[in-house]
Amino acid sequence: MLGLGGVIGAGLFVGSGAGIAVAGPGIVLSYLIAGALAMLVMRMLGEMSAAMPASGAFSVHAERALGRWAGFSVGWLYWFLLVVVLAVEATGAAQIANGWVPAVPQWAWVLLFMTVFTAANLSAVKNFGEFEFWFAALKVTAIVLFLVLSLLAIFGVLPNAEPAGLGNLTGHGGLLPHGWGGVVSGVLAVVFAFGGLEVVTIAAAESDDPARAVGRAVRSAVWRILFFYVGSMVVIVTLLPWSSMEPGKSPYVAVLDRIGVPGAGQIMNIVVFVALLSALNANLYGSSRMVFSLAERGEAPRALLKVSSGGGVPRRAVLASVAFGFVSVLLNLEWPDSVFLYMLNAVGAVLLFVWALIAVSQLRLRGRIEREAPGQLALRMWAFPYLTWAALVAMGAVLVLMLTDDAARPQLLWSAGATGAVLLVAGLRALRERRAGD
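Bear in mind the structure is a predicted one, so any value in this text is a computation, not a measurement.

*Asks:* Quick one: what's the story with the overall build of the protein chain, residue by residue and with numbers?
*Replies:* Counting its secondary structure elements, the protein chain contains 19 helices and 0 strands. Scaling as 2.2 N^0.38, a compact globule of 438 residues should have a C-alpha radius of gyration of about 22 Å, and the protein chain matches this with 22 Å. The principal-axis extents of the C-alpha atoms in the protein chain amount to approximately 80 × 55 × 40 Å. The 438 residues of the protein chain split such that 52% are buried. A fraction of 79% describes how many contacts in the protein chain between residues 6 or more apart in sequence connect residues 24 or more apart. With an accessible surface of roughly 18,100 Å², the protein chain has 67% of that area assigned to carbon and sulfur atoms. Side chains of the protein chain give 27 positive and 22 negative charges; the mean places of these two sets differ by 8 Å.

*Asks:* Summarise helix H7 (residues 106-122); cite the residues concerned and give the values.
*Replies:* Here H7 spans 24 Å end to end across 17 residues, near enough to the 24 Å set by a 1.5 Å rise per residue. Taken as a whole, H7 has its buried residues at Trp109, Val110, Phe113, Met114, Phe117, Thr118, Ala120 and Asn121. Looking straight down H7, one finds that the buried residues subtend no more than 160° of arc, so they occupy a single side.

*Asks:* Go over the packing of helix H17 (residues 350-372) against helix H18 (residues 386-404), please, and point to the residues and values.
*Replies:* Across the interface, H17 lies against H18 with an axial gap of 10 Å and an inter-helix angle of 160°. One way to sum up the angle between H17 and H18 is to call them roughly antiparallel. With respect to the hand of their crossing, H17 and H18 are arranged in left-handed fashion. Residues Leu352, Phe353, Trp355, Ala356, Ala359, Val360, Gln362 and Leu363 of H17 touch H18, and the partners they reach there are Thr388, Trp389, Leu392, Met395, Val398, Leu399 and Met402. Of the residues that constitute the contact of H17 with H18, the class distribution is 13 nonpolar, 2 polar and no charged.

*Asks:* Help me get a handle on the environment of tryptophan 100, residues and values and all.
*Replies:* Structurally, tryptophan 100 can be placed in helix H6 (residues 68-100). Considering only alpha carbons, one finds tryptophan 100 and glutamine 266, 166 residues apart in sequence, at a separation of 9.7 Å. Apart from residues no more than four positions distant in its own chain, tryptophan 100 is found in contact with Gln266, Asn269, Ile270 and Phe273.

*Asks:* So what's going on with the pattern of salt bridges? Residues and values would help.
*Replies:* For the structure shown, the criterion picks out 8 salt bridges. Ionic pairing is found between glutamate 63 and arginine 297, a salt bridge with its closest N-O pair at 2.9 Å. Of the two residues, glutamate 63 is situated in helix H5 (residues 58-66) and arginine 297 in the loop between helix H14 (264-296) and helix H15 (315-334); the sequence distance between them amounts to 234 residues. Of the charged contacts in the structure, one is a salt bridge between glutamate 433 and arginine 68, with a shortest N-O distance of 3.3 Å. With glutamate 433 in helix H19 (residues 409-437) and arginine 68 in helix H6, this pair connects stretches of sequence that are 365 residues apart. The exposure class of arginine 68 is partly exposed, given its relative accessible area of 35%. Here the salt bridges do not stand alone but share partners, grouping Glu47, Arg366, Glu370 and Arg380 into one network.

*Asks:* A description of helix H13 (residues 251-259) should follow, citing residues and the corresponding values.
*Replies:* Within H13, burial applies to Pro251, Tyr252, Val253, Val255, Leu256 and Ile259. One or two positions beyond H13, positive phi appears at glycine 260, with a value near 100°.

*Asks:* An account of a nonpolar patch on the surface is needed here, citing residue identities and associated values.
*Replies:* Taken together, the side chains of Val144, Val148, Leu151, Leu152, Phe155 and Val157 present a nonpolar region at the surface, about 520 Å² in accessible area. Given the relative accessible area of 56%, valine 157 is considered exposed.

*Asks:* How would you sum up the nonpolar core? Please name residues and give values.
*Replies:* Judged by nonpolar contacts, the single largest core of 142 residues is most densely connected at Phe58 and Trp355. Top element by residues in this core is H6. It accounts for 18 residues. Dropping the residues within four chain positions of it, tryptophan 355 is found in contact with Leu37, Ala38, Val41, Val191, Phe194, Glu198 and Met395.

*Asks:* Would you mind going over unusual backbone geometry in detail, with residue names and values included?
*Replies:* Here the amide bond leading from phenylalanine 384 into proline 385 is cis, since omega sits at 0°, within 30 degrees of zero. Relative to the helices and strands, proline 385 is located in the loop between H17 and H18. A positive phi angle is found at histidine 172, which is not glycine, with a value near 55°. We classify histidine 172 as partly exposed; its relative accessible area is 42%. We note that alanine 383 has phi near 45°; this positive angle belongs to a residue other than glycine. Within the secondary structure layout, alanine 383 lies in the loop between H17 and H18. You can call alanine 383 partly exposed: its relative accessible area is 44%.

*Asks:* Explain the packing of aromatic side chains to me, using residue names and the numbers behind them.
*Replies:* On inspection of all chains with the given rule, the structure shows 15 aromatic pairs. Look at phenylalanine 58 and tyrosine 78: their rings are 4.7 Å apart centre to centre, the planes differ by 85°, and that puts the pair in the edge-to-face class. On the criterion of sequence distance, the pair formed by phenylalanine 58 in helix H5 and tyrosine 78 in helix H6 is long-range, its members being 20 residues apart. Like phenylalanine 58, the residue tyrosine 78 is buried in the burial classification. Between phenylalanine 113 and phenylalanine 273, the aromatic rings sit 5.7 Å apart at their centres with planes inclined by 65°, giving edge-to-face as the arrangement. Taken together, the positions of phenylalanine 113 in helix H7 and phenylalanine 273 in helix H14 put the pair 160 residues apart, joining distant regions of the chain. Residue classification places phenylalanine 273 among the buried positions, given a relative accessible area of 15%. Taken together, the ring pairs in this structure connect Trp76, Trp79, Phe80 and Phe324 into an aromatic cluster.

Scoring rules and cut-offs
Residues numbered from 1 in each chain as written. Predicted model: local features only at pLDDT ≥ 70, side-chain atom pairs only at ≥ 80, totals over all residues. Heavy atoms only, no water. Helix = DSSP H or I, 4+ residues; strand = E, 2+ residues; numbered from the N terminus. Rg over C-alpha atoms; globule rule 2.2 N^0.38 Å. Buried < 20%, exposed > 50% of the residue type's maximum accessible area, 1.4 Å probe, protein only. Contact = heavy atoms within 4.5 Å. Areas by Shrake-Rupley, 256 points an atom, 1.4 Å probe, with all protein chains shown as cover. Lys, Arg positive; Asp, Glu negative; His and termini not counted. Charge placed at Lys NZ, Arg CZ, Asp CG, Glu CD. Expected span 1.5 Å × (residues − 1). Arc of directions from axis to C-beta. Axes fitted to C-alpha atoms, helices over the stretch in contact; angles between N-to-C directions. Parallel < 35°, antiparallel > 145°, perpendicular 65-115°, else oblique. Left-handed = near helix turned anticlockwise from the far one by under 90°. Nonpolar A, V, L, I, M, F, W, Y, C, P; charged D, E, K, R; others polar. Salt bridge = Lys/Arg side-chain N within 4 Å of Asp/Glu carboxyl O. Patch = residues over 30% accessible without salt bridge, like charges linked within 9 Å, V, L, I, M, F, W, Y side chains within 5 Å. Core = buried A, V, L, I, M, F, W, Y, C linked by side-chain atoms within 4.5 Å. Phe/Tyr/Trp six-rings, centres within 6.5 Å; stacked < 30°, edge-to-face > 60°.

By themselves these figures say nothing about function.
So this is what it looks like as structure tokens:
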């Protein structure tokens, strides 16, 4: 449920409209391609996490495979990604709540959400899990109901509904109105919607049986998410002309309006609101565990290692993450089009850099695990090493696409700058330690 909760967010419910606008019905293929890439990355990560569970997950794996510089770099980059995205989620949820209760200012809603979820993350881990379970359950229920209603509408089972037929798939330019170029552009628009699955392997380290937990979560979560994403896209482009989609407008609302569901806009507002709070909760959890893992390895201040006596919660790590989250929210509220935009661009492609390091780490660690502890390979990467290399090539292709796309290029360049800065710090630290050793 944590995997489902972390990845099913506003990117699906609202952002998918942008992908449909550029790919048409071919968006189904775009989601299949992007989902396949995410599935391969999660299988690699699952293999390493099941064999070597750690709260820092891929940061720890990168350090073991490539050296301290890699663990330091991927850990801090991912932490930065989470606390910046956390601000977007908190602000988005506050905007929706402010629309419902205008008397309460937006900043007050942000303060309320951040306080509630900080308290949940400071208490026992099971409380965080309880929050996330019910959030994820609501989102999954909403998608299942959406799929059921849409299928009934497609087959003309609903009252006053005619079968949809294939007109919207074959008309308006056909299945691929913009050719394969549109499908590729769709991949660029939707691939980042699969970010968030990584939190599964971070959380698994705190379960009773980490190896079993991460294996089960990776197997089930990816397939279910792919089903929800691809299934949603199939019914949307079947029921509605793809040319009617507008970026920034939820295609889910448009479908519910087409079916005749009263109050469709408000229903989806509630679902998006829950999705944003769920992602906020998951990101606060993931960021605190990542910085705690960095502190354990001497890559972050040792003061962050203090944990609660009862539940073993890294409270200082939680507070450090939420403090930066508050700063990010303030920057988003005050300077959304300047300072915060630069921060957001700086993490735009970080997910791909993290995924690439996961793949490289798995390439290096697989042979080592097979030699030293083959019994720990409870979950194996498919067709190793060929699919790992294929995933790396696909990530490189997405980065090249970003470089050639006017809208995505600033994100790639700013993210490359942020990555370069972290790598520079990692290099300087390594040089200082080498000189100290001499």
